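Chain residues, written in single-letter form:
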Amino acid sequence: MAEDLKQKTTKGIVWSFINNSTTQLLNAIFGIVLLNILGRADYGMVGILTAFSLVANSIQNSGFVTALINKKDATHLDYNSVFWFNISVSLCLYIILFFCAPFIADYYNEPVLKDLARYYFLGFFIAAFSIVPRAILQKQIKQRELAVMGLISLIVSGTTGIIMACNDMTFWGIATQTMTFNLMVSILSWILSRWKPSFKFSSKPIREMFVFSSKMLVTDIFNQINNNIFSLVLGKIYTKVEVGTYNQANKWNTMGHSTITGVIQGVAQPTFVQVGDDMERLRRAFSKMLRFTSLVSFPVMFGLSLVAHEFIMMLAKDEWESSAHLMHYLCVGGAFLPIATLYFNLIISRGKSDVYMWNIIAQGLSIIGSILVVHALGGGIDEMIISYVCIVIAWIGIWHIFLYQEIRYSFLSALKDITPFCLTAAVAMVATYFITLPFTDFEPTRINYAILLFSRVLLAATIYLGILWLFGANFLKECIGYLLKKKK
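What you see as residue numbers is a count from 1 along each chain, following the sequence as written. Residue-level local features of this predicted model are given only where pLDDT is at least 70; pairs of side-chain atoms are given and counted only at 80 or more, and the full residue set underlies all totals for whole chains, interfaces and linings. The side-chain numbers reported here are obtained from all heavy atoms of the structure, hydrogens and water having been left aside.

### Considering the overall build of the protein
Then step 1. Each helix and strand counted, the protein has 20 helices and zero strands in total.
Then step 2. Buried, partly exposed and exposed residues are distinguished by accessible area as a fraction of the type maximum, computed with a 1.4 Å probe on protein chains only: under 20%, between the cut-offs, and over 50%, respectively. Considering the protein as a whole, with its 488 residues, one finds that 54% of them fall into the buried category.
Then step 3. Put simply, 84% of the contacts in the protein that link residues at least 6 apart link residues at least 24 apart.
Then step 4. Residue-level accessible areas treat just the shown protein chains as cover; the underlying method is Shrake-Rupley with a 1.4 Å probe. Split by element, the accessible area of the protein, about 21,700 Å² in all, is 68% carbon and sulfur. The secondary structure listing takes helices from DSSP runs of H or I that are at least 4 residues long and strands from runs of E that are at least 2 residues long, numbered from the N terminus. Any two residues whose heavy atoms approach within 4.5 Å at even a single point are treated as in contact.

Structure below.
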C-alpha cells in the first residue's frame, strides 16, 4: 500500500510538473506577444481589477474545495451540495460587484473601469462551474487530466487575447482572455471528471464542512490580498503605468514560483492525507518533498533574478525595462514561496485550518503594516518590495513552529534539507554574475541580450549541479538514479 502511494505520488509529481511547466511556458509565449503589442497602462487597468476578482474567487469556493479534498468519504451529495452553494454565492457576488463598479471607477478616477469591471468580473462567475469537477480531479491526483485541461484552455484563451489585442482592443483583450480561459476550464473539467450534478441539495454537508471551510475562506481572502496588495496600493498612490510596471515584474516572478508551487500543491496535500497518522512516514515524506522543492526552487528563482534584465529586454519593448529592476527583488522572495506552500499543505492535511488561517492573516497584516510604514517614511516601490520579501523569508520560521507541533520535525532537520541547495544556488548565481560581468558592455540588441541570457543560464546551471555533485549531494544522485531507472 505504501509503495502504491509512492508510485501514485511520483506519477502525480511528473504530470503536475508537465502541467505547470507547460502552462507557464504557454503563458510566457502569449505574454511575450501581448507585451510587444500592449503598453503598461493597458496592463495597469486590468491589474487594478485583478485583486477584486481574486478575492471574489476565494469567496465563491468558500474553502469547500480544500474541505472536499481532505474529506476521505466524500459522497455525491457532498459534491452536489457544494456545487449549488458555489453557484449561488458566485451569482450574488457578481451582482454586488456589478453595482459596485461605478464606485471602483470613481476610487481610481478611471471612468472606463465601470464597464471593464462589469465585463471582467463575469470570469469568476463562469469559473464557479469548474470548482467541484476540478476538486474531484485533484482529490484523485489525476494530474494528467488537469494538464490536458490547462493546455487546451490556455491555447484557446491566449489566441483569443492576441487576436483582440492586434485589433486594438487593448485591455478588453486581456479581460476576454481571462474569461475565455475560465470558460474552457469549466467545460473541460466536466468532460474529464465525468461528474454530473443533480438537483438534489442538502445543507447538512455544507454545515459539516463549514467549520473547516470557513477558516479556509478567510485564509484564501487574506492570501489574495497578500498577493495583490501592491496592485491595490499602487493603483491609489501611483499611476496605472506604475501599476502595469509592477504587475509585469510580478507576473514573471509568479510564473516562475507557481510552476514549482503547482507541482507541490497538486500532490502534497492528497499524499499527506493518505499517509495519515504514521508520524515516521509523514516526516520522511515531508523531508523528501522539502529537499525536492529546495533542489528546484532556489536555482530557478535565483536564476530568474540573475537574468531579469536580459529576459525583459530580450522579449519586450524598451518601456518595460523598469520591470526588470523590480523582478530582481521579487524573484528572491519567490524562491521561498514553494517551501511555504509545502509547510502549510502539511498543516492543512492535519486538519489545522485555524493555524493556517491565523498565520496568513498575521502575515498579511505584517505586509500591509510594512507598506504603510515604508510609504510614511517616504520610501518608494523598491523599499516596499524589499520589506515584503524579508517578511516572506522570515515567515518560514513561523510556519516551522506549527509544523513541529504536528510531526516533531526539528528546525535543524529542516535547515539540513534547505540550506545546501539555497547556499549552492546563491554561490552559483554570484559566481555567474561576476564571470559574465565583462561581457555586459555590448550593443543593446535583442540578439545580444539573448546570448548573454542563455550563457548565464547555462553557466549557472553547470556550476550549481557541479557543486552539488562534487560535494556528494545524495538527494540529487537519488533523483537522477530514479529518473534513469524509470527511463530504463
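Moving on, there is more to tell.
### Some words on a nonpolar patch on the surface
Then step 1. Residues enter a patch when their relative accessible area is above 30% and they make no salt bridge; the linking distance is 9 Å between like charges and 5 Å between nonpolar side chains (Val, Leu, Ile, Met, Phe, Trp, Tyr). The salt bridge definition used is simple: a Lys or Arg side-chain nitrogen within 4 Å of an Asp or Glu carboxyl oxygen. A cluster of nonpolar side chains, contributed by V148, L151, I152, I155 and V156, occupies part of the molecular surface with about 340 Å² of accessible area.
Then step 2. Considering the arrangement of structural elements, one finds I152 in helix 8 (residues 143-166).

### A look at the pattern of salt bridges
Then step 1. Applying the stated criterion to the full structure yields six salt bridges.
Then step 2. With a closest N to O distance of 3.6 Å, E406 and R350 form a salt bridge. Here R350 lies in the loop between helix 15 (337-349) and helix 16 (353-376) and E406 lies in helix 17 (residues 381-407), a separation of 56 residues in the sequence.
Then step 3. What makes E406 buried here is its relative accessible area of 16%.
Then step 4. Relative accessible area serves as the criterion here: at 23%, R350 is assigned to the partly exposed category.
Then step 5. Through salt bridges with shared partners, one network takes in E280, R283 and R284.

### With respect to the environment of D115
Then step 1. Within the element layout of this structure, D115 appears in helix 5 (residues 113-120).
Then step 2. For D115, a relative accessible area of 44% puts it in the partly exposed group.
Then step 3. When the C-alpha atoms of D115 and A105 are compared, they prove to be 9.0 Å apart, with 10 residues separating the residues in sequence.

### Things to note about the packing of helix 12 (residues 279-306) against helix 15
Then step 1. Between helix 12 and helix 15, the least distance of the axes is 9 Å, while the angle of their chain directions is 160°. In terms of their interaxial angle, helix 12 and helix 15 are classed as roughly antiparallel. Helix 12 and helix 15 meet at a crossing whose hand is right-handed. Contacts between helix 12 and helix 15 involve L282, F286, M289, L290, T293, S294, S297 and F298 from the first element and P338, I339, L342, Y343 and L346 from the second.
Then step 2. Only Asp, Glu, Lys and Arg are considered charged in this grouping, and only Ala, Val, Leu, Ile, Met, Phe, Trp, Tyr, Cys and Pro are considered nonpolar; every other residue, Gly among them, is considered polar. Per-class residue counts for the contact of helix 12 with helix 15 are 10 nonpolar, three polar and no charged. Lines fitted to C-alpha atoms define the axes, with helix axes restricted to the stretch in contact, and inter-axis angles between N-to-C directions lie between 0 and 180 degrees. An angle below 35 degrees is treated as roughly parallel, one above 145 as roughly antiparallel, one from 65 to 115 as roughly perpendicular, and anything else as oblique. By the definition used in this description, the sense in which the near helix is turned from the far one sets the handedness, with an anticlockwise turn below a right angle giving left-handed and a clockwise turn giving right-handed.

### Quick notes on the packing of helix 13 (residues 308-315) against helix 14 (residues 321-334)
Then step 1. Direction vectors running N to C along helix 13 and helix 14 enclose 155°, while the axes themselves pass 8 Å from each other. For the element pair helix 13 / helix 14, the angle class is roughly antiparallel. Helix-helix and strand crossings are classified by hand; for helix 13 and helix 14 the assignment is right-handed. Two secondary-structure elements touch here, helix 13 through A308, H309, F311, I312 and M313 and helix 14 through E321, A324, M327 and H328.
Then step 2. Looking at the contact of helix 13 with helix 14, its residues break down into six nonpolar, two polar and one charged.

### Quick word on the confidence of the model for the protein
Then step 1. Per-residue confidence from the predictor is given as pLDDT, running between 0 and 100. With 75% of its residues at a pLDDT of 70 or more, the protein shows a mean pLDDT of 79.
Then step 2. Of all the helices and strands in the protein, helix 20 (residues 474-487) carries the lowest mean pLDDT, 54, while helix 18 (residues 411-436) carries the highest, 92.

### Focus: the nonpolar core
Then step 1. Only buried residues count toward a nonpolar core, which is a set of Ala, Val, Leu, Ile, Met, Phe, Trp, Tyr and Cys residues joined through side-chain atoms within 4.5 Å. In this structure, F286, L290, F298, M327, Y343 and W399 are the most contacted members of the largest nonpolar core, which totals 73 residues.
Then step 2. Sorting elements by how many residues they give to this core places helix 17 first, with 12 residues.
Then step 3. Here F298 is in contact with G303, A335, F336, I339, I418, F421, C422 and A425, once residues within four sequence places are set aside.
Then step 4. Core analysis: the next-biggest nonpolar cluster, separate from the first, contains 17 residues, L93, F121, F124 and F171 among them.

### Overview of the packing of aromatic side chains
Then step 1. Think of it this way: a Phe, Tyr or Trp ring, Trp meaning its six-membered ring, pairs with another when their centres are within 6.5 Å, and the plane angle makes it stacked under 30 degrees, edge-to-face over 60, tilted otherwise. Taken as a whole, this structure holds 19 aromatic pairs when the rule is applied.
Then step 2. Aromatic pair F298 and F336: ring centres 5.2 Å apart, planes at 80°, arrangement edge-to-face. On the criterion of sequence distance, the pair formed by F298 in helix 12 and F336 in the loop between helix 14 and helix 15 is long-range, its members being 38 residues apart.
Then step 3. Residue classification places F298 among the buried positions, given a relative accessible area of 0%.
Then step 4. An angle of 80° between the planes, with centres 5.2 Å apart, marks the rings of Y433 and F434 as edge-to-face.

### Re the side chain of S370
Then step 1. Relative to the assigned elements, S370 resides in helix 16.
Then step 2. S370 gets classed as buried once you look at its relative accessible area, which sits at 15%.
Then step 3. Other than its neighbours up to four places away in sequence, S370 contacts S387 and I391.

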